[in-house]
Amino acid sequence: MKLHVIGSSGTFPVPGRPASGYLIEQSGTRVWCDAGPGTFVGLPVDSYMIDAIVISHQHPDHCADLFAAFHAWTYCPEPRTGVPLYAPQSVWDRLWGFLDGGQGSRFSETFDFTPVSGGDEIMLGELSLAFVDMDHSVPTVGSRWEAADRSMFFTADTGPKGDWQRAVTGVDLLLAEAAYQERTENDYPHHLMAAEIGQIAREAGVGQLVLTHIPPYLDATRSIHEAELTFDRAVALAVPGATFDV
Ligand SMILES: [Zn+2]
Ligand SMILES: [Zn+2]
């Protein structure tokens, strides 16, 4: 399994660093996971080579580029239809609501939508994918990816609460959000601190920890350092263009 980082900027994109978006590849199957702003133009392969799309939740920094894909695949000489799209129902409802009637029906032709939530499992080529409910303010799915006896978990956006930590147990690679360095009592509770995810990864016996969704106004070097102190091993940073062999 190969993980390509397309974008990793937390909450909003900055030049050269799109928001959340990854390409997961296994034996010729390519899945675009999260479509944050900037990730469509940053896809490392032609968009016609994408076999399926998985979206974690409705926040625009994770799904807004579905509109870019929709326009590219619809208003072109050779339209693309029926692209499999897996996401919580609320993602579809919100995006569909943005479009007028004419575009809405074309949106439904471009994407073949299947709603998913915690406990659902699907197969995409040789990739088996299990969805997990996360600790966020809107319906959000984390995803555990397995193929050829290797495994990866993507946290999407989440706080530390809930059962999701069990699904991380023993994964070879954990791609985890680290939106905070410190969290005060008044902060939004549904994101993770770098030190927190380092601790979670250590207790779960994770092979490799990769941090993402660090906002551009934080010093990512400090986030990595704080996660390394609790993980007790080297931690990697997700940057656009990076690839990880899982
Ligand atoms: Zn986010
Ligand atoms: Zn979010």
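About the cut-offs
Residues numbered from 1 in each chain as written. Chains lettered and ligands numbered in written order. Predicted model: local features only at pLDDT ≥ 70, side-chain atom pairs only at ≥ 80, totals over all residues. Heavy atoms only, no water. Phe/Tyr/Trp six-rings, centres within 6.5 Å; stacked < 30°, edge-to-face > 60°. Helix = DSSP H or I, 4+ residues; strand = E, 2+ residues; numbered from the N terminus. Buried < 20%, exposed > 50% of the residue type's maximum accessible area, 1.4 Å probe, protein only. Pairing = 2+ DSSP bridges. Axes fitted to C-alpha atoms, helices over the stretch in contact; angles between N-to-C directions. Contact = heavy atoms within 4.5 Å. Polar contact = N/O pair within 3.5 Å; in protein donor to acceptor, adjacent residues only side chain to side chain. Donors = N, O, S within 2.8 Å, 3.2 Å for Na, K, Ca; no water. Tetrahedral: all angles 85-135°; square planar, octahedral: opposite > 155°, others 65-115°.

*Asks:* What am I meant to see in the packing of aromatic side chains here?
*Replies:* Remark: the centre distance and the inter-plane angle together describe each pair of aromatic rings, the angle taken between the planes. Counting across every chain of the model gives twelve aromatic pairs. With centroids separated by 6.4 Å and ring planes inclined at 25°, the aromatic side chains of Phe12 and Tyr217 adopt a geometry described as stacked. With Phe12 in the loop between strand 1 (2–7) and strand 2 (21–26) and Tyr217 in the loop between strand 12 (208–212) and helix 6 (220–231), the pair connects residues that are 205 residues apart, well separated along the chain. A residue is classified by how much of its surface remains accessible, and Phe12, at 36% relative accessible area, is partly exposed.

*Asks:* Mind showing me how you'd approach the sheet that holds strand 14 (residues 243–245) here?
*Replies:* The strands making up a sheet are joined through hydrogen bonds of the backbone, oriented either antiparallel or parallel. If you walk across this open sheet you meet the seven strands as 6-5-4-3-2-1-14, and the pairing is mixed. Lying at the two open borders of the sheet, with one neighbouring strand each, are strand 6 (111–115) and strand 14. Each adjacent strand pair in this sheet contributes to an overall mean axis angle of 20°, direction not counted. When strand 1 meets strand 14, the two strands line up antiparallel, connected through three bridges. By the bridge assignment, His4 is partnered in strand 14 with Thr243. Along the sheet, helix 2 (residues 66–74) contacts strand 3 (29–33), strand 4 (52–54), strand 5 (83–87) and strand 6; its crossing angle with strand 6, the most-contacted strand, is approximately 150°. Those strands touched by helix 4 (residues 101–110) are strand 5 and strand 6, and its axis lies near 80° from that of strand 6.

*Asks:* What's the story with the side chain of His136 in this structure? I'm lost.
*Replies:* Mapped onto the secondary structure, His136 falls in the loop between strand 8 (127–133) and strand 9 (141–147). Within the structure, the side chain of His136 is placed 3.4 Å from the side chain of Asp157, a separation counted as a polar contact. There is a polar contact of 3.0 Å between the side chain of His136 and the backbone oxygen of His190.

*Asks:* Which parts of the structure should I look at to understand unusual backbone geometry?
*Replies:* For residues that are not glycine, phi is negative in most cases, and the peptide bond is trans in most cases. The residue Ser27 is not glycine, and still its phi comes out positive at about 45°. As for its placement among the helices and strands, Ser27 is situated in the loop between strand 2 and strand 3. Notably, Asp149 is not glycine yet its phi reads approximately 65°, a positive angle. In this fold, Asp149 is placed in the loop between strand 9 and strand 10 (150–154).

*Asks:* Is there a simple way to explain the sheet that holds strand 13 (residues 236–237) in this structure?
*Replies:* Taken together, seven strands build an open sheet; the order of strands is 7-8-9-10-11-12-13 and the sheet is mixed. Edge positions in the sheet fall to strand 7 (121–124) and strand 13, since each has one partner strand and no second. Judged from the five bridges that link them, strand 11 (residues 173–177) and strand 12 form a sheet pairing that is parallel. When the sheet's bridge partners are listed, Leu173 is paired in strand 12 with Gln208. Along the sheet face, helix 5 (residues 194–203) touches strand 11 and strand 12 and points at about 155° away from the line of strand 12. Together, strand 12 and strand 13 form the strand contacts of helix 6, whose direction differs from that of strand 12 by roughly 150°.

*Asks:* Quick question: what am I supposed to make of the coordination of the zinc ion (ligand 1) here?
*Replies:* Perfect tetrahedral coordination of a metal by four donors corresponds to 109.5 degrees between them, and perfect octahedral coordination by six donors corresponds to 90 or 180 degrees. All of the protein donors around the zinc ion (ligand 1) are Asp61 (OD), His62 (NE2), Asp157 (OD) and His213 (NE2); their distances to the metal are 2.1 to 2.2 Å. Here the zinc ion (ligand 1) binds four donor atoms, and the angle range of 87 to 163° at the metal identifies the geometry as irregular. Ordering the donors of the zinc ion (ligand 1) by residue number gives the pattern D-H-x94-D-x55-H. Distance-wise, the zinc ion (ligand 2) is placed 3.6 Å from the zinc ion (ligand 1), both being coordinated by Asp157.

Bear in mind that shape data such as this cannot, by itself, settle questions of function.
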